[in-house]
Amino acid sequence: MTKITLGKAINAGLRAAMEKDPKVLVMGEDIGKLGGVFRVTEGLQKDFGEDRVIDTPLAESGIIGTAVGLALRGYRPVCEIQFDGFVFPAYDQIINQVAKMHYRSMGKIRMPIVIRIPYGGGIGAVEHHSESPETLFAHVPGLKVISCGDPVDAYWMIQQAIESDDPIVFFEPKRRYHEKAELDESTPPSLPLHKAKVLREGTDATLLCYGPMVKTCLQAAEAAVEDGRNLEVVDLRTIAPFDLATIFASVRKTRRAVVVHEAPYSFGPGSEIAARLTEECFYHLEAPVLRVTGYDTPYPPSRMEDDYLPDLDRVLDGVDRVMGY
Amino acid sequence: MSESVPGPAPEVFAPHEAPVSPPQASEEVEFVQLLTPEGERVEHPDYKFDLDDETIKGFYRDMVLVRRIDTEATALQRQGELGLWASLLGQEAAQIGSGRALNDKDMVFPTYREHGVAFCQGVNPLNLLGLFRGVDQGAWDPKENNFHLYTIVIGAQTLHATGYAMGQQRDHAVGDADNGEATIAYFGDGASSQGDVNEAFIWASVFNAPVVFFCQNNQWAISEPIDRQTRIPLYQRAAGFGFPGVRVDGNDVLATYAVTQQALKRAREGSGPTLIEAYTYRMGAHTTSDDPTKYRLNEDLEHWKLKDPIERVHAYLSRHAAVDHDFFDEIEAEGDKIAAELRAGCLALPDPVLTDFFQNVYVEETPQLAEQRDQFVAYAASFEGEG
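Since the model is a prediction, treat every value here as computed from it, not as a measurement. (Residues numbered from 1 in each chain as written. Chains lettered and ligands numbered in written order. Predicted model: local features only at pLDDT ≥ 70, side-chain atom pairs only at ≥ 80, totals over all residues.)

1. Let's talk about the overall build of chain A
Counted only if it meets this: Strands are runs of DSSP state E lasting at least 2 residues, helices are runs of H or I lasting at least 4, and numbering of each runs from the N terminus. We compute the radius of gyration over the C-alpha atoms and compare it with the globule rule, which gives 2.2 Å times the number of residues raised to the power 0.38. Residues with at least 20 other C-beta atoms within 10 Å of their own are called buried, those with 12 or fewer are called exposed, and the rest are partly exposed. The C-beta atoms themselves are positioned from the backbone.
Check the secondary structure of chain A and you find 12 helices and 14 strands. The C-alpha radius of gyration computed for chain A amounts to 19 Å, which stays within 12% of the reference 20 Å derived for 325 residues, consistent with globular compactness. Projected onto its principal axes, the C-alpha positions of chain A cover 60 × 45 × 40 Å. Buried residues in chain A amount to 57% of all 325 residues.

As structure tokens, this is what we get:
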């Protein structure tokens with residue numbers, strides 16, 4: 001057992017995947033000698049060479065488009081997009097090519113591509129460096145979208161994503177890169193890729209969260225104890241598809257749900273969860289499903305980001321509201 | 001200009017003097033030509049076509065057959081059997097010449113107009129119709145035919161080709177001019193403006209990928225003429241990216257073969273990418289939904305008809321290869337037979353069922369999608385027994 005940061009856990013996961021399968025390639029901007037701007041790929045090029053850890057030209061569509069070709073040739077590319085806001089030049093290749101290839105080839109082609117995107121705010125960055133565009137991918141048939149909330153999941157989920165024969169957009173909570181946890185690499189992962197995890201059992205309401213909001217929600221649940229509230233916290237882990245069975249089971253028990261994400265309010269993952277809970281758990285619900293999220297504005301200048309992002313107090317405010325029905 | 005090309009670009013590819021304005025229709029265009037529009041063989045200092053007349057007869061047959069297939073598909077669209085068709089009329093030499101230069105192991109990334117290259121790669125012509133009839137999105141097996149699915153988003157496939165070529169490098173399949181592998185990416189003059197194409201040039205250049213960029217400059221991107229895409233001849237763009245570019249008479253099957261073969265050889269031996277600009281003309285509409293009379297002159301079309309890619313080979317074979325009428329008649333008959341089979345096959349294509357189209361969204365289906373499929377099946381079943 002070693003204590004490891006989330007960023008280093010992804011590094012170790014990438015290393016393990018590359019050792020296991022020579023077809024795994026890592027490609028992106030500044031990922032070689034520098035090890036990526038967050039050092040997630042540190043040391044990989046030194047150990048696996050420039051043919052497998054590829055510093056690419058500075059063009060995101062080119063990264064994904066050439067990854068498509070490499071996948072067609074039998075490789076399993078792991079592409080790093082340097083920051084969330086920089087993925088959009090690659091959006092066409094992701095939406096029109098990566099996502100649809102298996103379908104349009106009637107199953108003859110597979111696209112085992114992982115697109116890693118450090119995402120979310122809270123690090124005081126300049127514009128385009130703090131965004132949460134997961135809905136824009138989760139809405140697209142053919143893609144799968146996941147996000148890890150802690151180092152142990154980070155280690156295993158990146159490997160499971162690489163093993164997946166479907167294309168996966170892997171959102172890494174960049175402000176949690178330095179969070180630490182005990183990792184036992186010899187213990188197999190407790191869950192398959194597309195399962196949610198109940199992190200804290202509770203009875204009064206369910207907090208549904210993922211990525212950077214997992215820690216926030218766990219802290220909120222602890223704080224709520226002082227108010228005499230026993231909150232359940234579910235780390236969704238997978239956004240497309242949602243693990244609806246786990247979500248439904250939790251909400252049928254607690255009868256109240258608050259979805260928490262940094263992404264804007266409207267048409268966000270919370271909207272879809274609210275719709276599905278209304279359809280499937282209507283008679284169990286004591287209150288409407290509420291959402292505590294970023295606002296429907298562009299991500300603000302960073303001096304205001306603490307007001308924009310859901311934090312412990314806003315989550316508890318949401319809990320107050322959902323308990324008020 | 002040639003001094004600005006880094007690396008060991010052979011002298012034969014040195015770009016010509018760049019004109020300050022785009023060439024006009026009446027202007028003589030400089031390109032590699034080995035067979036004149038009148039059907040006379042001509043020499044070129046850097047490119048030779050040294051195969052026999054039997055090969056040329058084969059090219060002639062290929063071009064006539066793909067034109068016949070194309071004509072039949074256009075007719076099928078006019079009769080309501082296809083939703084759309086993108087005709088290759090006029091571009092037969094560019095496609096057959098380049099397609100016949102490919103080896104078994106080379107990989108092709110086409111646009112949606114490469115019916116001639118598909119023919120060379122052994123794709124059943126009927127499989128080309130499914131996309132346009134709306135029964136599938138490409139029914140051939142890209143691996144079996146070494147011919148990727150048609151790509152409709154303009155230029156996107158050039159990056160796929162470059163990535164595939166980088167895979168060939170990583171598989172150590174490059175470095176041998178005879179047994180090595182190469183990739184060829186087809187695209188048009190319009191696509192040359194796309195970011196993806198320019199990114200593909202950059203990737204191919206800096207990674208020295210074994211890819212041939214085959215641009216069919218057919219002068220028109222739907223209604224926009226070539227001078228809306230470029231102020232210099234397209235092949236000259238290669239110099240800025242650091243690899244050779246060459247312009248070939250795209251209506252000359254011997255020249256497109258020779259030029260493509262040399263570029264493929266360069267790629268296979270590990271010398272990197274080449275841009276080929278096949279200078280040709282889209283004799284028909286962009287697609288069957290287009291009306292070229294709104295934006296271009298009939299004189300242009302008449303001018304290009306004199307440069308027809310098939311007529312010049314017909315003239316050559318009649319005059320210099322002792323080919324008699326029977327040869328031409330047999331090919332016409334073969335074309336009619338293929339067309340009749342194509343038509344019958346098209347009409348017999350089974351209508352697709354939506355139920356089947358849930359299953360290939362993912363390799364590992366999601367529970368949500370399985371649920372939606374079941375809902376659709378149940379909903380569709382509720383109409384059984386009605387009218």
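So, next bit.
2. Notes on the sheet that holds strand S1 (residues 107–109) of chain B
All names here are of chain B. We count it as follows: Here, strands pair whenever DSSP counts at least two bridges between them. Axis angles are defined between N-to-C directions and span 0 to 180 degrees, where every axis is a line fitted to C-alpha atoms and, for a helix, only to the segment in contact. Any residue pair is listed as a contact if its two C-beta atoms, each placed from the backbone, are within 7 Å.
Pairing within the open sheet is parallel, and its five strands lie in the order S1-S2-S3-S7-S6. Two strands close off the open sheet at either side, each with one partner strand: S1 and strand S6 (245–249). Adjacent strand axes in the sheet meet at a mean angle of 20°, parallel and antiparallel pairs treated alike. Where S6 and strand S7 (residues 274–279) come together, five bridges link them in parallel fashion. If you follow Arg247 over to S7, its bridge partner there is Glu277. Docked against the sheet, helix H6 (residues 156–170) engages S1, strand S2 (183–188) and strand S3 (211–217), running at close to 170° with respect to S2.

3. Quick look at unusual backbone geometry
Residues Ala240(A) and Pro241(A) are joined by a peptide bond in cis, for which omega reads 0°. On the secondary structure map, Pro241(A) appears in the loop between strand S12 (238–240) and helix H9 (244–254). Look at Arg255(A): it is not a glycine, yet its phi comes out positive at around 70°. At His172(B), a position not held by glycine, the phi torsion is positive, near 55°. Looking at the secondary structure, you find His172(B) in the loop between H6 and S2. For His172(B), a count of 10 C-beta atoms within 10 Å corresponds to the exposed category.

4. So, helix H7 (residues 151–163) of chain A
Residues and elements named next belong to chain A. For the record, the criterion: In this analysis, the expected span of each helix is defined as 1.5 Å times one less than the number of residues it contains.
Spanning 13 residues, H7 covers 19 Å between terminal C-alpha atoms, matching the ideal 18 Å at 1.5 Å per step. Most of H7 is tucked away: 12 of the 13 residues are buried. Among the residues making up H7, those that are buried are Pro151, Val152, Asp153, Ala154, Tyr155, Trp156, Met157, Ile158, Gln159, Gln160, Ala161 and Ile162.

5. Details of the pairing of strand S6 (residues 144–147) of chain A
All names here are of chain A. Under the convention used in this document: With the strands aimed away from the viewer, a crossover counts as right-handed if its path from the first strand over the helix to the second runs clockwise.
The two faces of S6 match: Lys144 and Ile146 on one face and Val145 and Ser147 on the other face are all buried. With four bridges connecting them, S6 and strand S7 (residues 168–173) associate as parallel partners. When the bridges of S7 are listed, Ile146 appears paired with Phe170. Regarding topology, H7 serves as the crossover connection from S6 to the parallel S7, and that connection is right-handed. Here S6 runs beside S12; their pairing, made up of two bridges, is antiparallel. Bridging across to S12, Ile146 finds its partner in Thr238.

6. With respect to the interface of chain B and chain A
The condition is simple: Ten residues, namely Ala, Val, Leu, Ile, Met, Phe, Trp, Tyr, Cys and Pro, are considered nonpolar, four, namely Asp, Glu, Lys and Arg, are considered charged, and the remaining ones, Gly among them, are considered polar.
Every contact between the two is made by 32 residues of chain B and, on the other side, 34 residues of chain A. At the level of secondary structure, the elements contributing two or more residues to the side of chain B that touches chain A comprise H6, helix H7 (195–207) and helix H13 (367–381) of chain B. The element contributing the most residues to the side of chain B that touches chain A is H6(B), with 11 residues. In the side of chain B that touches chain A, the residues fall into 15 nonpolar, 11 polar and six charged.

7. What to know about the packing of helix H3 (residues 60–72) of chain A against H7(B)
The test is simple: Under this scheme an angle from 65 to 115 degrees is roughly perpendicular, one under 35 degrees roughly parallel, and one over 145 degrees roughly antiparallel; angles in between are oblique.
In the contact formed by H3(A) and H7(B), the axes pass within 9 Å of each other and the chain directions differ by 75°. Between H3(A) and H7(B), the angle falls in the class roughly perpendicular. Two secondary-structure elements touch here, H3(A) through Ser61(A), Gly62(A), Gly65(A) and Thr66(A) and H7(B) through Gly195(B), Asp196(B), Glu199(B), Ile202(B) and Trp203(B). Of the residues assigned to the contact of H3(A) with H7(B), the class counts are two nonpolar, five polar and two charged.

8. Regarding helix H12 (residues 325–348) of chain B
Residue and element names in this part refer to chain B. Taking 1.5 Å of rise per residue, 24 residues should cover 34 Å, and H12 covers 34 Å from first to last C-alpha, within 8% of that figure. Those residues of H12 that fall on the buried side of the exposure criterion are Ala339, Leu342 and Cys346. The inward-facing, buried residues of H12 abut helix H1 (53–78) and helix H4 (125–133).

9. Points about the sheet that holds S7(A)
Residues and elements named next belong to chain A. What the seven strands build is an open sheet, ordered S3-S2-S4-S5-S7-S6-S12; its pairing is mixed. Two strands in the sheet have a free side with no partner beyond their single neighbour: strand S3 (53–55) and S12. Each neighbouring strand pair of the sheet contributes to a mean axis angle of 20°, computed without reference to strand direction. Where strand S2 (residues 24–28) lies against strand S4 (residues 76–80), five bridges are found, and the strand directions are parallel. By the bridge assignment, Leu25 is partnered in S4 with Pro77. Together, S2, S4, strand S5 (114–119), S6 and S7 form the strand contacts of H7, whose direction differs from that of S7 by roughly 165°.

10. What about the confidence of the model for chain B?
Residue and element names in this part refer to chain B. We apply this condition: Per-residue confidence from the prediction method is given by pLDDT, with values spanning 0 to 100.
Of the residues in chain B, 93% have a pLDDT of 70 or more, and the chain-wide mean is 93. Note that pLDDT drops below 50 for residues 1–26; the model gives that stretch 30 contacts with residues more than four away or on any other chain. Across the whole predicted complex the pTM is 0.95, and at the interface the ipTM reaches 0.97.

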